[in-house]
Structures are given as C-alpha cells and as structure tokens.
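Here's the letter readout for the chains.
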Amino acid sequence: FEELKDIDDSVVVNLLFKYSKIKPTWENVLVGFEKNNKILNSEIISYLNSISTSEYLSKIHMSTKKINNKYIYNELCIALINSPIITLESYGFLIKAIPFWYESFDVKFLSDEKINLLIEYNKFNPSINSYNFLKENYNSKNILLLEKNVLIYREWISNLPIDSDDLELILISKSIL
C-alpha cells in the first residue's frame, strides 16, 4: 500500500505493518501511530526494526509542519526516541530523520548507547539544561555533548556545573580547549 491514511480499520493497518506491506514513509508511520492511540505497538516496532525500512526512513526527514500550533511529528519523535524495544541498529537510522532538538528524555528507557547516538546525531539541544540532564543521569555523557558542541558551550562555560571529574575529562579531551 502506498498510503494508510484512507484505511479506517486499525486491525488492517496493524496487519500491513506486521507483514511490511506498506511503503516506508513517515506519513504512514504517523498514521499507524495515531490509529493506535499514539502508541508504537509491536507491529509498528517490528516494521521499524527492519533494517531495510529503518535505513530507508533515515534518508527522509520528517516534516516540521504545524497544525494548531503543534508539530505534527513531535509526539511520534518522542515515542521513537523513548522506545526501549527499537533495536540499536534501527534506532541509529531512525533518529537521523528526527528534525527536532530536545533537552531531556525519559531515563527509564534510554541506554548509554542510545544516548550516544542522540548526541552524535544532534538530538540534544546544546543548552545548559541538556548538559545538566546528562550530568545528572548519564555518567560523563555531558562531556560528550560538550565535545560535540564546543563552540556553543564556550560561551556558557562559566555557567556550567563542572566538578573535578568533569574537569579531568575536559582536560583529557582532544576536542575541547
């Protein structure tokens, strides 16, 4: 199927995802997400965990279009980022298509490896709040964010809570200073 938007029956939509019988587009994923009460169910996750699907989708950026002053893909993006059952390989592909920055995520669901990918693909807003979130929840990932955005953080360095462990990691870093 090219487009799911004309199919009203969520059971049919889920079967199409389960057997990968739909064209991989973010519009189709959004339709499935919305028809399942904004949940990434097992059929959609299975579809997204297919490497060919996730790699294909990684090359298509989601729209930043707004309806009623809300980004239409934002809830889907947050669900993707926080999904504990998307494989690491598919996760790395899928997050490339997310057009937004965030300052924090649900720590219950994100492994260190997924946090590394979020930093690598610039899904953290380079802000003091993001730095603090990582410092409080993920050992030394705040320094990884600092390395990735060194020019931005240089302006705020005096406002960052840097302890002796952070200072040592900054001094060891080849990309800071």
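Figured I'd write up the structure that's included with this text. As the structure is a prediction and not an experimental result, all values here were calculated from the model. (Residues numbered from 1 in each chain as written. Predicted model: local features only at pLDDT ≥ 70, side-chain atom pairs only at ≥ 80, totals over all residues. Heavy atoms only, no water.)

With that settled, the discussion passes to the overall build of the protein chain. Counting secondary structure elements, the protein chain contains 11 helices and two strands. Going through the 177 residues of the protein chain one by one, you find that 44% of them count as buried. For the protein chain, the share of sequence-separated contacts (at least 6 apart) that also reach a separation of at least 24 residues comes to 62%. Here the protein chain has roughly 9800 Å² of accessible surface; of this, 51% comes from carbon and sulfur atoms. Both charge centroids of the protein chain, one from 19 positive and one from 23 negative side chains, sit 4 Å from each other. (Helix = DSSP H or I, 4+ residues; strand = E, 2+ residues; numbered from the N terminus. Buried < 20%, exposed > 50% of the residue type's maximum accessible area, 1.4 Å probe, protein only. Contact = heavy atoms within 4.5 Å. Areas by Shrake-Rupley, 256 points an atom, 1.4 Å probe, with all protein chains shown as cover. Lys, Arg positive; Asp, Glu negative; His and termini not counted. Charge placed at Lys NZ, Arg CZ, Asp CG, Glu CD.)

On to the side chain of Lys-114, then. Following the sequence through the fold, Lys-114 ends up in helix H7 (residues 112-120). Put simply, Lys-114 is tucked away with no salt bridge, and the nearest opposite charge, on Glu-113, sits 8.6 Å away. Within polar-contact distance, the side chain of Lys-114 engages the backbone oxygen of Ser-83 at 2.9 Å. Leave out the neighbours within four places in its chain, and Lys-114 touches Ser-83, Pro-84, Ile-86, Leu-88 and Tyr-91. (Salt bridge = Lys/Arg side-chain N within 4 Å of Asp/Glu carboxyl O. Polar contact = N/O pair within 3.5 Å; in protein donor to acceptor, adjacent residues only side chain to side chain.)

The topology assignment puts Lys-35 in helix H2 (residues 26-35). Sequence-wise, Lys-35 and Asp-9 are 26 residues apart; in three dimensions their C-alpha atoms are separated by 8.3 Å.

Using the criterion set out here, one finds six salt bridges in the structure. In this structure, Glu-2 engages Lys-23 in a salt bridge whose closest nitrogen and oxygen atoms are separated by 3.7 Å. With Glu-2 in the segment before helix H1 (10-18) and Lys-23 in the loop between H1 and H2, this pair connects stretches of sequence that are 21 residues apart. A salt bridge links Asp-166 to Lys-135; the shortest N-O distance between them is 2.4 Å. Of this pair, Asp-166 sits in helix H11 (residues 164-172) while Lys-135 sits in helix H8 (residues 128-137); the two residues are 31 residues apart in sequence, bridging distant segments of the chain. Among the ionic contacts, a cluster of salt bridges with common partners joins Lys-135, Asp-163 and Asp-166.

What follows is about the side chain of Asn-36. In this fold, Asn-36 is placed in the loop between H2 and helix H3 (42-49). Its relative accessible area of 12% is what places Asn-36 among the buried residues. Only 2.9 Å separates the side chain of Asn-36 from the side chain of Asn-14, close enough to count as a polar contact. The residues touching Asn-36, leaving out its near neighbours within four places in the chain, are Asn-14, Asn-41 and Ile-44.

So, about unusual backbone geometry. Positive phi outside glycine occurs at Ser-20, with the angle close to 50 degrees. Within the element layout of this structure, Ser-20 appears in the loop between H1 and H2. The class for Ser-20 is partly exposed, based on a relative accessible area of 40%. Positive phi is not limited to glycine here, since Asn-37 has a value of about 55 degrees. Tracing the sequence through the fold places Asn-37 in the loop between H2 and H3. Asn-37 sits in the exposed class, given a relative accessible area of 66%.

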